[in-house]
Amino acid sequence: MSESITVHRHRTAMVRYALSQPMSLLVRHGLISQATTVFDYGCGQGDDMRALEAQGISAKGWDPHFAPDRALAAAEVVNLGFVLNVIEDDAERRHALKRAWQLTEKVLAVAVMVVGQVAVDGLRPYRDGYLTSRGTFQKYFQHAELRAFIGSVTGAEPVSVTTGIYFVFRRAEDEQEFLLDRGRGGDRVAINIQPRERRSTTTVRIEFAERIPTAIAEIAQIAVHRGRLPAQEELTQVARDELANVRVSLPRAVECCRRTILTDEMLEKASAQRREDLLVHNALCLLNRSRSFQNPGPAIIRDVRALFGNQRMLSDQAAKYLFALSDLEALHKLNLGAASKKIGVLDEKERLVIAGARVSDLPGPLRCYFGCATYLSGEPDRAFIARFDPRRRLLKIFSVEDERAASPAISSTTVVDLRRQKVFTNPESLRLLRKIDVFGGPDTPSRRKRERALQRQLGQSEQQIFASIVSNHDSAHRLQTPQQR
Ligand SMILES: C[S@@+](CC[C@H](N)C(=O)[O-])C[C@H]1O[C@@H](n2cnc3c(N)ncnc32)[C@H](O)[C@@H]1O
């Protein structure tokens with residue numbers, strides 16, 4: 001007779017003192033804001049909900065154990081956070097995902113535990129996962145396995161956000177905006193909202209600008225973000241009302257903005273950046289066969305028209321990035337070029353080592369290379385250092401505690417093998433990345449002494465030597481173990 005096993009799923013729910021990872025990613029990517037409605041499906045003890053509500057965001061939730069009597073409600077954003085991995089029955093997993101998707105109006109976040117995140121030694125295998133000593137079940141998904149699972153249940157194409165987390169969008173245009181925005185690494189052009197001149201010749205215009213401050217600020221923000229001037233309907237209602245009240249047309253407001261805040265140079269820089277972002281985005285959508293790519297929203301269509309003329313011109317140029325991806329030597333040369341521009345540095349095998357924050361500064365084909373790899377692995381959700389090895393078709397990602405520390409401790413490593421389309425993750429190796437400072441000169445004897453001491457303390461024998469990717473931050477950062485932080 002087979003042994004009967006009771007799985008206590010609710011025991012997996014923990015008390016949270018900060019937003020869960022999927023919720024904080026939704027906030028960080030601007031998908032949850034003050035006006036958003038949120039539903040937390042499988043909300044556990046409800047801490048995410050309470051934290052959002054405390055910020056004035058309308059958040060509801062349901063849980064079979066902790067909140068069984070709450071009503072299921074449709075919402076723009078639905079979270080299914082770490083629920084699928086605690087369910088031992090495949091049909092029930094599908095049911096939970098299906099119901100969460102039915103409630104989703106705009107975007108569903110699905111988060112699970114993934115293979116390699118936690119050591120499973122000593123756990124008892126059960127079905128497609130493990131039983132823990134607390135009587136709970138855990139399935140550790142492969143990142144790509146979760147993509148296939150979500151796709152098969154929702155019929156939609158999930159977007160990989162970070163390892164073990166996908167977003168699923170209802171509308172193609174929302175997905176396209178998300179994909180395009182996420183790769184860009186922030187606006188490169190800083191806007192100074194203060195009028196730039198106060199000379200007497202412009203005084204009249206400045207006074208005029210002061211009567212339409214919201215419209216002027218929005219025009220500048222959209223121009224810097226999208227690399228082009230906005231259409232009327234892209235301004236908020238507040239800005240449109242402001243213009244209507246003083247009877248100013250959009251072209252006149254734009255002219256005023258360009259004379260007071262937005263210089264030609266700023267707009268040119270923003271346009272160049274947006275052009276590059278669109279090229280990388282276009283190439284990656286083609287490579288990853290993004291379905292939503294065929295249905296961009298009106299804002300992206302305007303970007304393409306303003307910056308390329310038409311979609312055809314954009315696709316022709318993006319195709320060049322795709323060709324470059326198959327030319328390993330060309331990629332290697334781009335690696336060398338990026339190092340010479342000090343975006344990253346080369347290690348002893350001429351692999352490019354780069355801080356995560358600088359990936360968006362790389363030339364287009366290398367950004368595409370990174371995009372292909374992270375399509376398979378998910379993008380790292382914390383500070384990371386990436387090592388590009390195009391000649392071997394590898395990308396290695398070191399998740400670190402602090403990428404700017406002199407010797408950051410690595411919390412996990414992920415190797416993406418693009419040739420075999422495989423991802424390997426190693427948890428919590430406490431190795432140190434020892435960095436030689438290219439900008440601040442060679443490392444000092446005292447730093448090496450501290451490193452050796454830390455190495456002894458951690459009981460590590462292996463130390464990888466990398467060239468440094470940051471300027472002289474080492475003196476500002478005390479060497480600390482992760483436990484000390
Ligand atoms: C690891 S907790 C996650 C809770 C919460 N989402 C969070 O991130 O803090 C898993 C939760 O899933 C709930 N759960 C179990 N089976 C479920 C099902 N079929 N549908 C929805 N939730 C379920 C459990 O009661 C538990 O509270």
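In what follows, the structure referred to is the one given above.
A brief look at the structure comes next. Predicted, not measured: the structure shown is a model, and the values here were computed from it.

Within the protein, the regular secondary structure consists of 15 helices and 17 strands. Accessible surface, the protein: about 23,400 Å² in total, of which carbon and sulfur atoms supply 50%.

With the rule as written, the count across this model stands at 29 salt bridges. Two residues, Asp 303 and Arg 228, come together in a salt bridge whose shortest N-O distance is 2.5 Å. Of this pair, Asp 303 sits in helix 11 (residues 298–308) while Arg 228 sits in the loop between helix 7 (213–226) and helix 8 (237–245); the two residues are 75 residues apart in sequence, bridging distant segments of the chain. In this structure Asp 303 comes out as buried when scored by relative accessible area, which is 0%. By relative accessible area, which is 5% here, Arg 228 ends up buried.

Moving on: the pairing of strand 14 (residues 410–417). Most of strand 14 is tucked away: seven of the eight residues are buried. Where strand 13 (residues 394–400) lies against strand 14, seven bridges are found, and the strand directions are antiparallel. Considered in strand 14, the bridge of Leu 394 is made with Asp 417.

Two aromatic rings, taken as a pair, are described by how far apart their centres are and by the angle between their planes. The final tally for this structure, using the stated rule, is ten aromatic pairs. Pairing Tyr 41 with Trp 62 gives two aromatic rings, centres 5.2 Å apart and planes at 40 degrees, and the pair type is tilted. Taken as a pair, Tyr 41 in strand 1 (residues 37–41) and Trp 62 in strand 2 (residues 58–62) lie far apart in primary sequence, 21 residues in all. You'll find Tyr 41 and Trp 62 in the same group, each marked buried. For the ring pair Tyr 130 and Tyr 140, a centre distance of 6.2 Å and an interplane angle of 50 degrees mean the geometry is tilted.

Where helix 12 (residues 311–325) meets helix 14 (residues 364–377), the closest approach of the two axes is 9 Å, and the angle between their N-to-C directions is 70 degrees. Taken as axis vectors, helix 12 and helix 14 run roughly perpendicular relative to one another. Helix-helix and strand crossings are classified by hand; for helix 12 and helix 14 the assignment is right-handed. Contacts between helix 12 and helix 14 pair Tyr 321, Ala 324 and Leu 325 from the former with Gly 364, Pro 365, Cys 368, Tyr 369 and Cys 372 from the latter.

Okay, the sheet that holds strand 8 (residues 159–162) next. With mixed pairing, the six strands of this open sheet are ordered in space as 2-1-3-4-9-8. Each edge of the sheet is formed by a strand with only one pairing partner; in this case those strands are strand 2 and strand 8. Averaged over all pairs of adjacent strands, the angle between their axes in this sheet comes to 20 degrees, without regard to strand direction. Two strands pair when backbone bridges link them, and strand 4 (residues 104–111) and strand 9 (residues 165–169) are joined in this way by five bridges, in the antiparallel orientation. The residue of strand 9 that forms the bridge with Ala 111 is Ile 165. Strand contacts of helix 4 (residues 143–154): strand 4, strand 8 and strand 9, with the helix running at about 25 degrees to strand 9, the strand carrying the most contacts.

What follows deals with the site of the ligand. In the neighbourhood of the ligand, 20 residues make up the surrounding shell, with Arg 16, Gly 42, Gly 44, Asp 63 and Gly 81 lying closest. In this structure, Arg 9 approaches the ligand through a side-chain N or O atom, which is 3.4 Å from a nitrogen atom. A distance of 2.9 Å is found between a nitrogen atom of the ligand and a backbone nitrogen or oxygen belonging to Gly 81. Computed on the free molecule, the ligand has an accessible area of 600 Å², of which 93% lies beneath the protein chains in the complex.

What counts, and where the lines are drawn
Residues numbered from 1 in each chain as written. Predicted model: local features only at pLDDT ≥ 70, side-chain atom pairs only at ≥ 80, totals over all residues. Heavy atoms only, no water. Helix = DSSP H or I, 4+ residues; strand = E, 2+ residues; numbered from the N terminus. Areas by Shrake-Rupley, 256 points an atom, 1.4 Å probe, with all protein chains shown as cover. Salt bridge = Lys/Arg side-chain N within 4 Å of Asp/Glu carboxyl O. Buried < 20%, exposed > 50% of the residue type's maximum accessible area, 1.4 Å probe, protein only. Pairing = 2+ DSSP bridges. Phe/Tyr/Trp six-rings, centres within 6.5 Å; stacked < 30°, edge-to-face > 60°. Axes fitted to C-alpha atoms, helices over the stretch in contact; angles between N-to-C directions. Parallel < 35°, antiparallel > 145°, perpendicular 65-115°, else oblique. Left-handed = near helix turned anticlockwise from the far one by under 90°. Contact = heavy atoms within 4.5 Å. Near = heavy atom within 4 Å. Polar contact = N/O pair within 3.5 Å; in protein donor to acceptor, adjacent residues only side chain to side chain.

Treat this as a map of the structure, not an account of what it does.
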